[in-house]
Amino acid sequence: MFRAIILISILLQIVSCSTQKNKVTDHESSDVNNNASVQSGQSGTSKMELSSIEALCKDQEVTKGLKAASSQYLNYKDDPEYWNIIGSCFLSDLKFTKARLFFLRSLEEKKNYAPALNNLGVVYWNLGKHYEALSYFKRAEQENGTSGLISYNLARIYQHYGLHNKASEYWSKVSQDKLNVNDINYWASNLALTTKANEAVQIFKSTKQISETHFSLFAIALLKSGNKDEAVAQWKQAKVDEKNLINIYWQLTGGN
Amino acid sequence: MKSTLRIILNLIIINVICISSLSRAEDKKPRDQLMKIIDEELREIDRILRQSKKFNSELQFRKAETVLEKGRLVKESENEDFLNIDPKYRGRVNKKKFFRQSYRYYLWAKNLAVNVSKKDPNYKRTPELNYILGFYEKEFGKEKNALEFFKKAEATSKPATEFNLRCKSAIAEILYNQKNYEEAKKYYEVTLKRINDKWWTKDSHSLAWCYHKTGQYDQAIATMKKVIEKSKTGEYVDMQFIAYKDIGLFFAESSQADDGVKYFKNQNKDVVAEMLTIAAFLREKGSYQHTLDVYNEAYQSTNNNKLKARILLEKLVLADKFFKKEQHLSDSKLLINLWKEGALDPEQEKAYILQMKKQVALVQKRMDTKYKSQSGTELKEKANVAETYFQLLSIVDEKNSDEYQFYNAESQFQTMQYERAAELYKKSFDDAKKNNNLKLMKLSAEGLLAALGPDSGEFKERNQYFEQAYKNYLEVDKESNKSEDIYRRLYKLMYQQGDTEGMRSILQDYSKSFSKNTNEQDKMVASLLSVYDKKKQNDKIAELVDEVQAGRFFVSEKLKGDIYGVKQKIELKEAETSIASGDVKSAFKNYDKIYKDPKSSKLAKANAVYNLMVLSYRMNDLSPTYNYGVESLELMGNQAIVGYLPSFVSISKYLFERMQFQASADFAHRVLAKVCSASQVQYKKMLFNNAVLSYRAAEQNKKLVSLIEMGHDCKLSDDLLIAAEIEYLDSLREKKGWSELLRRLEKNNSVLPTSFSGIELEYFLDMCISQDDSKSCSQLNKNVNSVISSGTKISGRALDAVALVKSNVIWEKIYTWSQIKLRFPEKTFNELLSKKLKTLEQIVEELLALQKMGSRLGINHSYELLSFCYFQIAREIQNFTPTGVSKEYLDSFKASMGQISSTLYQKLNEYRGQAMDVMSRQESIAPLRGIFPIAIPLEQKSSLKFNYNEGEM
């Protein structure tokens with residue numbers, strides 16, 4: 001209950017001092033947030049597309065991106081996407097703490113905003129707070145169950161903890177088109193550790209490149225699929241360290 | 001020669017005796033010629049006398065006559081000279097000296113005549129000598145003596161002679177001059193019957209007057225008619241002019257005016273002129289009505305404006321003489337029209353003015369207070385009469401119209417007709433001003449004030465005059481005590497009318513005249529400001545305040561100070577108005593002016609800088625928002641800050657949202673420090689949270705610690721303080737500052753509530769896992785025991801920590817258990833195996849207990865350790881090969897052990913399967929010990945994926 005300090009959720013009013021009786025305490029309120037005429041055009045900056053800010057951060061021009069984002073404050077401050085982009089910029093710069101605060105700010109505008117929820121999961125994962133990370137990914141999934149990106153992150157988390165069956169569910173939701181070689185290696189490795197060894201073998205074989213760390217899993221997949229000779233050959237090629245627990249797994253699976 | 005002298009002498013005598021009264025009409029040239037003749041005659045007489053040795057009475061007589069004549073001519077000349085002297089100096093002339101020459105001739109002639117009388121007492125021309133002596137006396141005004149000499153001459157001369165008639169004529173003239181008309185008439189009646197020369201008309205004119213004076217009016221008129229008739233013939237001296245005039249008088253005086261009019265008409269004379277003469281005479285006689293009738297008749301009988309004007313002027317004189325006021329007024333009114341048409345000459349105009357002035361003076365005199373018995377109506381009537389005259393006078397005598405207006409006003413005032421009086425005083429002031437008549441201006445101004453003084457119900461427009469009355473007065477008197485009062489009154493009036501320009505003007509004048517009266521100037525300035533304020537003329541207020549500050553007026557220092565505040569108040573109001581209208585830049589300018597003004601009070605500055613902060617915020621201007629915010633916190637009192645807490649909180653948030661983390665944190669921190677003891681819990685919480693998160697983002701750990709300490713001092717809630725502490729601890733953990741983390745955790749035991757002990761376990765857990773050192777883990781063990789014994793509610797992560805401690809304990813047992821190595825002989829083997837299985841059974845029970853804790857880490861560890869144990873014992877049994885036994889025994893042993901190990905492997909796989917199910921079901925993403933592959937975690941070699949927008953999902 002104490003873990004997350006929620007950014008001020010009440011949109012407060014700024015009030016101006018009145019001169020009634022020349023006392024500071026006499027005042028009249030004016031809702032600055034509703035005073036569009038005051039705000040519009042006074043920043044001196046024309047409105048720019050959020051995608052432009054995004055592009056800067058993606059190109060690792062984070063400082064420029066954040067500066068541009070700040071200048072667009074009045075134009076977008078009520079837009080959850082705006083805050084999410086700022087958080088993402090910080091995230092891309094590995095500024096996890098700052099990123100966290102702006103994703104939370106995004107959720108102030110829209111409490112179930114799936115991109116921010118997902119991104120908070122990423123932040124917490126990077127901060128070593130995996131329970132919180134899983135929690136946000138799950139919330140994000142609730143909001144957008146078809147998201148390949150959320151499924152990807154969940155699949156990766158689950159397989160990180162060896163929950164390969166769970167991970168497998170999510171890998172299946174991820175569009176292959178969006179997976180790079182490394183991702184495919186992980187996906188196939190995860191399948192190798194489930195009952196879907198044949199599928200794993202197919203994926204490994206279809207991928208352009210099996211990374212070195214995944215040869216052992218390819219071998220296990222081959223072993224589980226009945227291609228013992230090829231499995232053994234691959235296993236040897238993997239040169240798994242004797243102390244590596246996967247050796248035991250290999251043995252338990254039927255390897256020598 | 002003698003005959004020539006005789007002729008000359010006769011001429012002289014005729015001149016001396018008959019023409020003396022007309023001599024003035026003679027030209028100088030004939031007189032000179034005559035003088036030459038006389039001088040020639042005298043020289044001739046003297047020549048003859050020198051030739052004669054005896055006293056020649058005849059020649060002496062002739063000489064006397066000639067010298068007398070010369071004296072007369074000399075005197076004529078002297079008279080002309082005398083009359084030519086400027087009248088201004090004429091009175092100063094010594095007449096004896098001036099006429100001394102003629103005097104010598106008269107005296108010489110007299111002496112000659114006397115000498116003849118003495119030396120020749122029997123001289124036959126004694127009557128003529130007496131005549132000469134009589135003439136001498138007459139010339140010197142000694143008519144009595146002259147009369148005696150003329151009477152002697154007449155008595156001694158031969159009757160019915162021409163000389164005798166001349167003597168009678170001279171006697172008649174002297175008697176007439178002596179107004180002895182009765183006696184004169186007797187002589188004239190004699191002489192005029194006998195003498196019919198050209199002088200007849202003159203003497204008959206005198207006779208007519210004698211008749212008139214002795215009551216013989218008809219004879220008088222008839223004689224005068226004869227004079228007129230004979231004058232017309234050209235053979236007599238023309239007496240028509242005077243005769244017509246006098247006959248008019250005779251008609252009038254003898255009550256025969258009508259006959260007179262008829263006579264004049266018959267004579268084709270200017271009837272009006274003659275009637276005027278008649279009327280004038282009647283007027284002098286005191287016959288008012290008769291005179292008035294003649295005037296009216298004359299007025300009706302002519303269309304000539306000049307004559308009409310003349311008649312009316314005469315009527316004015318008449319009315320004046322007989323106190324006929326209405327008639328006078330009526331004719332005065334009539335006359336004005338003729339005056340306008342230019343019918344009056346300057347003299348007449350003067351007379352007209354004098355008449356009216358005299359009348360109006362009389363009217364005013366009768367209005368004097370001493371005539372107390374007069375009713376109000378009577379007084380008003382008189383005032384109205386006076387006003388009519390003054391109006392007429394103002395027209396005719398325009399250059400003095402100011403005075404007439406003034407006196408008119410005085411009349412109206414006297415009769416309590418204040419409204420009219422006020423109007424007239426105002427006019428008289430204006431006219432006097434045009435004429436630069438300062439004295440009258442002052443009188444008029446005072447009069448107008450006096451007219452406004454009495455509260456008369458009839459004076460309905462009274463209020464309309466006050467302003468002008470005061471202004472008029474101040475124009476003529478700016479520095480007296482009275483004017484000081486008038487300034488105040490006028491200022492008050494302007495104030496009531498809201499006339500700021502007027503007020504300002506008065507203030508300026510007052511300040512010049514009464515510079516020492518600061519109190520009054522204070523009031524004036526203050527009231528002017530109040531009117532400006534009502535009219536929202538802020539620019540004027542600013543202008544006035546600047547003038548006051550510059551010493552333009554002599555006000556008190558206190559007012560100067562107060563006013564400065566007023567100006568700033570206005571500026572602040574303007575700023576507020578600008579804000580309301582969306583003109584933020586103008587508002588900013590106003591506030592900035594106040595803020596930078598060294599004369600601004602601290603309060604005003606605080607107001608201004610606060611609003612500058614707000615406006616900067618509205619203009620989305622970062623640095624100024626923060627800088628003004630900090631400055632406003634310095635200037636504003638804590639109480640005021642509390643009043644505006646929502647704004648300050650918002651500013652803090654704004655700075656954060658603009659990614660100014662350090663500024664946001666610092667600002668919130670400062671605000672919190674100001675409101676530390678305030679009761680606004682919610683806002684304090686927001687400020688604290690904002691500051692914590694912003695310090696966290698800014699990686700300002702020292703300041704974060706300082707803030708947390710302040711949070712304790714401000715007695716913020718435990719939840720808040722714990723949340724802040726967690727942020728700090730997280731920052732240490734993220735940076736792997738384990739020693740500081742440990743130190744902080746130890747310290748927190750004493751300052752944070754026991755509930756925090758559960759949270760601490762998470763950090764000990766992390767330290768224990770991350771460092772894997774005994775100190776951290778023993779600390780974890782210690783704290784777990786403490787938390788468990790206290791029964792504190794703990795989080796899942798904390799439960800993981802407890803589970804880890806238990807897992808570690810079990811792991812130590814397993815380690816010990818794993819050190820039990822099977823060996824032969826068979827009995828030993830069986831005992832050891834039995835022991836090992838029993839121990840395993842205990843371990844399994846403990847691991848199952850670990851699972852039941854509910855910790856995901858405990859579950860994972862439990863299955864991992866179970867699998868590990870079964871794998872260990874299954875593999876040990878499977879791989880155990882006794883030595884020194886037969887092949888058959890060995891085969892049998894291996895077969896038996898193979899079954900046991902197979903069973904154990906099955907159990908192992910069963911646990912692995914359960915583990916996968918439970919872990920997946922419970923999403924047990926907890927770290928394993930890494931001692932057995934119940935699952936193969938796939939380490940992250942690349943980051944998880946984040947998204948900028950929904951489209952990327």
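Predicted, not measured: the structure shown is a model, and the values here were computed from it. (Residues numbered from 1 in each chain as written. Chains lettered and ligands numbered in written order. Predicted model: local features only at pLDDT ≥ 70, side-chain atom pairs only at ≥ 80, totals over all residues. Heavy atoms only, no water.)

Draft legend 1. Inspection of the overall build of chain A at higher detail. Check the secondary structure of chain A and you find 15 helices and 2 strands. Sorting the 256 residues of chain A into buried and exposed places 58% on the buried side. Pairs at least 24 apart in sequence give 45% of the contacts found in chain A among residues at least 6 apart. With an accessible surface of roughly 11,000 Å², chain A has 46% of that area assigned to carbon and sulfur atoms. (Helix = DSSP H or I, 4+ residues; strand = E, 2+ residues; numbered from the N terminus. Buried < 20%, exposed > 50% of the residue type's maximum accessible area, 1.4 Å probe, protein only. Contact = heavy atoms within 4.5 Å. Areas by Shrake-Rupley, 256 points an atom, 1.4 Å probe, with all protein chains shown as cover.)

Draft legend 2. Spatial organisation of the overall build of chain B. Secondary structure summary: chain B contains 45 helices and 0 strands in total. Residues classed as buried in chain B amount to 53% of the 953 residues present. Within chain B, counting contacts between residues at least 6 apart in sequence, those at least 24 apart form 61% of the total. Only carbon and sulfur atoms are counted for the fraction: they give 49% of the accessible area of chain B, which is about 45,300 Å².

Draft legend 3. Layout of the packing of aromatic side chains. All names here are of chain B. If you walk through the whole model with that rule in mind, you get 61 aromatic pairs over all chains. Ring centres of Y176 and Y188 lie 6.3 Å apart, and the angle between their planes is 75 degrees; on these two criteria the pair is classed as edge-to-face. Pair noted here: Y176 is in helix α9 (residues 162-177) and Y188 is in helix α10 (residues 181-194), with a separation of 12 residues, a long-range link. Of the two residues examined, Y176 and Y188, each falls in the buried class. (Phe/Tyr/Trp six-rings, centres within 6.5 Å; stacked < 30°, edge-to-face > 60°.)

Draft legend 4. Local environment of helix α2 (residues 50-58) of chain A. Residues and elements named next belong to chain A. Three or more residues of α2 are buried, namely L50, I53, E54 and C57. In a view along the axis of α2, the buried residues occupy a sector of 100 degrees, so they form one face of it. Buried residues along α2 sit against α3 (62-71), α4 (73-76) and α5 (80-92). Phi for Q60, located one or two positions after α2, is positive at around 65 degrees. (Arc of directions from axis to C-beta.)

Draft legend 5. Geometry of the state of the cysteines. All names here are of chain B. Enumeration according to the criterion identifies 2 disulfides over all chains in this entry. Two residues, C676 and C714, share a disulfide whose sulfurs are 2.1 Å apart. Its S-S torsion of approximately -120 degrees makes the covalent link between C676 and C714 left-handed. Here the residue C676 occupies a position in the loop between α35 (661-674) and α36 (681-698), and C714 occupies one in the loop between α37 (701-713) and α38 (718-734), the gap between them amounting to 38 residues. On the basis of relative accessibility, which here comes to 19%, the residue C676 falls in the buried class. For C714, a relative accessible area of 4% corresponds to the buried category. (Disulfide = S-S within 2.5 Å.)

Draft legend 6. Just the side chain of N119 of chain A, in detail. Position of N119 of chain A among the secondary structure elements: in helix α7 (residues 114-126). Of the residues examined, N119 of chain A reaches a relative accessible area of 0% and is grouped as buried. At 3.2 Å, the side chain of N119 of chain A and the side chain of N118 of chain A are in polar contact. In contact with N119 of chain A, not counting residues within four places along its chain, are N84, S88, L91 and F103 of chain A together with F946 and N947 of chain B. (Polar contact = N/O pair within 3.5 Å; in protein donor to acceptor, adjacent residues only side chain to side chain.)

Draft legend 7. Summary view of the interface of chain A and chain B. With 105 residues of chain A in contact, the opposing surface of chain B contributes 94 residues. In total, about 9,100 Å² of surface goes out of reach between chain A and chain B, with carbon and sulfur atoms giving 61% of it. Viewed at the interface, chain B and chain A are joined by 7 salt bridges. Linking E923 of chain B and K166 of chain A is a salt bridge whose minimum nitrogen-to-oxygen distance equals 3.7 Å. The interface formed by chain A and chain B holds 23 residue pairs in polar contact (both at pLDDT 80 or more) in total. (Buried area = accessible area lost by both parts, 1.4 Å probe. Salt bridge = Lys/Arg side-chain N within 4 Å of Asp/Glu carboxyl O.)

Draft legend 8. Layout of the nonpolar core. Residue and element names in this part refer to chain B. Counting 226 residues, the largest nonpolar core has F648, F667 and L780 as its most contacted members. When residues of this core are assigned to their parent elements, the largest contribution, 12 residues, is made by helix α44 (residues 856-879). Beyond its immediate chain neighbours, meaning those up to four positions away, L780 contacts L761, F764, L765, C768, A801, L804 and V805. Membership of the second largest hydrophobic core comes to 110 residues, among which are V116, F250, I278 and V360. (Core = buried A, V, L, I, M, F, W, Y, C linked by side-chain atoms within 4.5 Å.)

Draft legend 9. Up close: the packing of helix α12 (residues 217-233) of chain B against helix α13 (residues 240-253) of chain B. All names here are of chain B. Between α12 and α13, the least distance of the axes is 9 Å, while the angle of their chain directions is 160 degrees. As far as their axial angle goes, α13 and α12 are roughly antiparallel. Note on packing geometry: the crossing formed by α12 with α13 is left-handed. Taking contact as the criterion, the partners of A220, I221, M224, K225, V227, I228, S231 and K232 in α12 are, on α13, Q240, A243, Y244, D246, I247, F250 and F251. Residues of the contact of α12 with α13, tallied by class, amount to 10 nonpolar, 2 polar and 3 charged. (Axes fitted to C-alpha atoms, helices over the stretch in contact; angles between N-to-C directions. Parallel < 35°, antiparallel > 145°, perpendicular 65-115°, else oblique. Left-handed = near helix turned anticlockwise from the far one by under 90°. Nonpolar A, V, L, I, M, F, W, Y, C, P; charged D, E, K, R; others polar.)

Draft legend 10. Quick look at helix α13 (residues 215-224) of chain A. Residue and element names in this part refer to chain A. The element α13 is extensively covered by neighbouring structure, given that 9 of its 10 residues are classed as buried. Structurally, α13 contributes buried residues whose contacts are with α11 (181-192), α12 (197-206), α14 (228-238) and α15 (245-253). Two residues or fewer after α13 comes G226, characterised by a positive phi angle close to 95 degrees.

Draft legend 11. Spotlight on the packing of helix α34 (residues 645-657) of chain B against α36 of chain B. All names here are of chain B. The interhelical angle for the contact between α34 and α36, taken along N-to-C directions, is 20 degrees, at an axis separation of 10 Å. Accordingly, the angle class assigned to the pair α34 and α36 is roughly parallel. Relative to α36, the crossing made by α34 is left-handed. Touching L645, P646, V649, S652, K653 and F656 of α34 are Y683, M686, L687, N690 and S694, all from α36. Looking at the contact of α34 with α36, its residues break down into 7 nonpolar, 3 polar and 1 charged.

Draft legend 12. Main features of the side chain of S855 of chain B. All names here are of chain B. Looking at the element boundaries, S855 is found in the loop between α43 (826-852) and α44. Looking at S855, the relative accessible area reads 1%, which means it is buried. Side-chain polar atoms of S855 contact the side chain of D800, separated by 2.5 Å. A distance of 3.2 Å separates a polar side-chain atom of S855 from the backbone nitrogen of L857. In contact with S855, not counting residues within four places along its chain, are L799, D800 and A803.

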